[in-house]
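Chain by chain, the residues:
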Amino acid sequence: MTTVTIEVDGKSLPAQAGEMLICVTDRNDIYIPRFCYHEKLSIAANCRMCLVEVAGAPKPLPACATPVMDGMKVFTQSKYAQAAQRGTMEFLLINHPLDCPVCDQGGECPLQDQAMGYGNDDSRFLEKKRAVPSHDIGPLVATEMTRCIHCTRCVRFGEEVAGVMEMGMPGRGESAYIGTFLNRSVDSEVSGNMIDLCPVGALTSKPYRFAARPWELQNHPGISPHDCVGANINIQTLRGRVERVLPRDNPQVNDCWLADRDRYSYEAVNSARRLGAPMIKSRGKWREVDWETALQHTADGMRAAIAGDGDQLGALAGYTSTMEEYYLLQKLARAYGCNNVDHRVQQCDFRDDAHAPPPVSELPIAQFDAVRAALLVGSNIRKEQPLLALRLRAATRKSNHGDGARIHCINPIQYPQNFAVESQTPVGEHMAACFAAVAVEVAKASGGALPGEIARWSGEARRKKRFYSPKQGPEQGVAMRRFEPGAIAQVIAQALVESAADGVVILGALAQQHQDASVLRAIARWICDATGNRLATLAPGNSVAAWRAGCLPHRGPGGAAVARAGHNAAAMFAQPRRAYLLLASEPELDALDGRAAAAALSAAKFVVSITAYQNAGALDYADVLLPMAAFTETAGAFVNCEGRVQHAAAATAPPRESRPAWKILRVLGNFLDLPGFDFVSLAQVSAELDAGGDIAAPAAWKIPVPRRAKRGNGDLRRLLDMPMYRGDQTVRNAAALQKTADNPPPAARMNRAMIDRLGLAAVEQVVVRNGDDFGGSATLPLQADERIPPDCVYVPAGFSETTALGAHGVVAVKAVSKAKRA
């Protein structure tokens, strides 16, 4: 762009022709007041607070909407400019209530600050002030709309960034107001960002309401553990209690945004379910004990259960532990002569363990918003990785190449996305076959040699002629249209080949949970090698750190192969161990196959759970509960999907007798008389871990395509996923998140045609029965959902009500009998 020179308050400044004046002044630390302007949003110019004097202009001009020109002279502090700014402030305060003492925004309110600089000490307005009713818009955001100054930041955020236009401004003149459409709730997974954007106290945090004043709070930098982005957060505490979590700007990671899961999960830290002291079970009853008694009981119990056979120990970790905790867990297990250690409780296909790479993204997070094409395979990215979905939305709206990114999806069901999608292919259980069909078309377009195994997989897609997808969105339409997989595969392949290095193939959580996850990984790797696209595997939580720490049965720290691989998580459930050591995990809820997990733990002789929360399942199967610090109370490292290592420090001390998990594991190693557990500080643990090196480069590992696993037949195929607020024990204990629309009670969902075909049109509740030998069942509400393909029923995992169904498989769905209803 052309560089021009402008003069601001007598100072000569370089600028790009056409950029807005306020951008130039901000870059040069020249302050201009504003309310509606935000660098991440479009220009509205409706607050008029940024009026400045421009030489030659007949009236003051808004700096946010005035493009610079060569030779322009601007005055931001002249009497003319200040008079315009003071006049604007007077109008803004006409209807604003004087309730700063009871407003949560008080002390950090831009309106309050600027009223001090540009307002008057009294008002000339003697008429009645306007009052606007405030509606309940959900459990996360509180409203006080009389304070609203109509900056429309919340409206623009929803429309432009979040991709869900939930707020709007009906009415005209004095009757205009900001609100939701038809008084509906705000259900976006990033709705909390509207609170940060609001320049007044109209939108505030409902869980934080009346809890503290900003000047009372202490700030602590932290890292969110809930997804593979590793969002940078600011943990705010008052007298040792976490009161609020805000985003911490990092353009390379989360920018200035935060997902609601990261923002509100802190509520779990203050939950009544926190475990405050060690507990042991004696004759079926639980009692609190001191740490020495608990650890000695743990060591004795583990020795007795294992009885000298280290292979009888199983160590399982959740997805939100720190890298040091993962490292010490696997170190303890391996010191016992056991490689049965794993964190992948949501995975069921381990056939490529010998060759599979760690779940990393070859595309840096900051470049997701610059891709030209993306193929999402098994990824409900909007709910799994909300901040990456925002970047993909930005890519569809603006591309470096002048056109929006072309995005395609191959998913079991048709998930609603918050960005434009060229094709969305709901294929039920046939993801691998349809993905292989894309590989066939890529081979034709690129001239590459297609491996025979992938070609054989694609044959299934050619044989299956009945793929369907909704004609319209799930709210509007119920009719289904048939499509040929080959035609869509051609369109997808063309987009990937044309985008080359600017394209990305994304494997989401659903792909990694799939029965043929190894096949999906192999096809993705081949397509990326053939097209030059980059591969992004988006795993839950701190998975990359677990790989680096060696919390795997087949690889040690740094990805080093072990001499004899141990049992993976699924094998530890299928072949129960006599003793289990659980770290921040509730496998009956964390695992896809919660039934197998619960059965294995119940059959064990001794189960130790290192946990921050009391859980009904753990109280049933565990023998010892050791209270650990929550994520805001412990230090440690988190590694995001691009391999970025980020360190977090403790913001508060753990409550009562709780201790950081790394200290519990260290001392437990001492009680077990294991060598190498003499660490004094976390830094020593990190140093030993770092000595193992980083994970080997993914490109060095070639992934073979396994043959198709045999499956049985049944009435319907169960489709499942892990809802975003059920994936770890922290979010399950966050009260506000559990009340959101993204956490509905479990139900059996089928499309209307299938409901009619099964004769269930007049039925409200059904019994879903697993078709395997165990025959588990669940009684659930029946709901029509046009996103679900034919011959399938969707029943989510992560709920105690659905645990008995196990994981993937065939199920039968029948109406609840009259006797059972009675």
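No experiment lies behind these values; they were computed from the predicted model shown.

### Some remarks on empty space enclosed by the protein
Right, on to step 1. Overall, the coordinates contain eleven cavities of 30 Å³ or more when judged by the stated rule.
Right, on to step 2. Here the largest cavity is characterised by a volume of approximately 250 Å³.
Right, on to step 3. R344, Q347, P359, Q512 and R521 are the residues nearest the centre of the largest cavity, which is lined by 23 residues in total.
Right, on to step 4. At the level of elements, α14 (509–513), β23 (534–537) and α16 (543–549) are the ones that each hand at least two residues to the lining of the largest cavity.
Right, on to step 5. For the lining of the largest cavity, the per-class residue count stands at twelve nonpolar, seven polar and four charged.
Right, on to step 6. At the level of elements, β27 (636–639) and α23 (729–732) are the ones that each hand at least two residues to the lining of the second largest cavity.
Right, on to step 7. Among the residues forming the lining of the second largest cavity, the class breakdown is ten nonpolar, seven polar and one charged.

### A few points about the sheet that holds strand β11 (residues 232–238)
Right, on to step 1. Pairing in this open sheet of three strands is antiparallel, and the strands run β10-β11-β12 from one edge to the other. At either end of the open sheet lies a strand with only one pairing partner, and these are β10 (218–223) and β12 (241–247). Going across the sheet, the axis of each strand differs from the next one's by a mean of 30°, ignoring polarity.

### Let's talk about the environment of R239
Right, on to step 1. Within the secondary structure, R239 sits in the loop between β11 and β12.
Right, on to step 2. On the basis of relative accessibility, which here comes to 73%, the residue R239 falls in the exposed class.
Right, on to step 3. Separated by 218 residues in the primary sequence, R239 and L21 have C-alpha atoms spaced 43 Å apart.

### Side note on the sheet that holds strand β26 (residues 624–627)
Right, on to step 1. Across the sheet, which stays open at both edges, the seven strands sit in the order β14-β13-β26-β25-β24-β15-β16 with mixed pairing between neighbours. Looking at strand neighbours, the two that pair on one side only are β14 (285–288) and β16 (341–342), the edges of this open sheet.
Right, on to step 2. Relative to β26, strand β13 (residues 279–282) runs antiparallel, the two sharing two bridges. Looking across to β26, one finds that M279 is bridged to L625.
Right, on to step 3. Its contacts with the sheet place helix α8 (residues 323–335) against β15 (313–317), β16 and β24 (579–583), and it is angled at close to 175° to β15.

### Side note on unusual backbone geometry
Right, on to step 1. A positive phi angle is found at D9, which is not glycine, with a value near 50°.
Right, on to step 2. Its place among the elements puts D9 in the loop between β1 (3–8) and β2 (11–16).
Right, on to step 3. Overall, the relative accessible area of 35% leaves D9 in the partly exposed class.
Right, on to step 4. The residue L182 is not glycine, and still its phi comes out positive at about 55°.
Right, on to step 5. Counting through the fold element by element, L182 comes out in the loop between β8 (179–180) and α5 (193–197).

The rules behind each value
Per chain, the residues get numbers from 1 upward, laid out in the order the sequence is written. Residues qualify for local features only when their pLDDT is at least 70, as the model is predicted, and side-chain atom pairs are given and counted only at 80 or more; totals for whole chains, interfaces and linings, by contrast, use all residues. In computing side-chain properties, one takes all heavy atoms of the structure into account and sets aside hydrogens as well as water. With a 1 Å grid laid over protein atoms only, a set of points is called a cavity when a 1.4 Å probe fits there but cannot get out and a pocket when it is open yet has protein on both sides within 12 Å along at least five of seven lines; lining residues have an atom within 4 Å of a point. Grid points are joined across faces, edges and corners, and a volume is the space filled by probe spheres set on the points. Secondary structure counts use DSSP, requiring at least four H or I residues in a row for a helix and at least two E residues in a row for a strand, with both numbered from the N terminus. Polar here means any residue other than Ala, Val, Leu, Ile, Met, Phe, Trp, Tyr, Cys and Pro, which are nonpolar, and Asp, Glu, Lys and Arg, which are charged; Gly is therefore polar. For two strands to count as paired, DSSP must find a minimum of two bridges between them. The axes used here are C-alpha line fits, helices contributing only the stretch in contact, and every angle between their N-to-C directions lies in the interval 0 to 180 degrees. Summary of the burial criterion: residues with accessible area below 20% of their type's maximum are buried, those above 50% are exposed, and those between are partly exposed, where the area comes from a 1.4 Å probe applied to protein chains only. Contact criterion: two residues are considered in contact whenever any of their non-hydrogen atoms come within 4.5 Å of each other.

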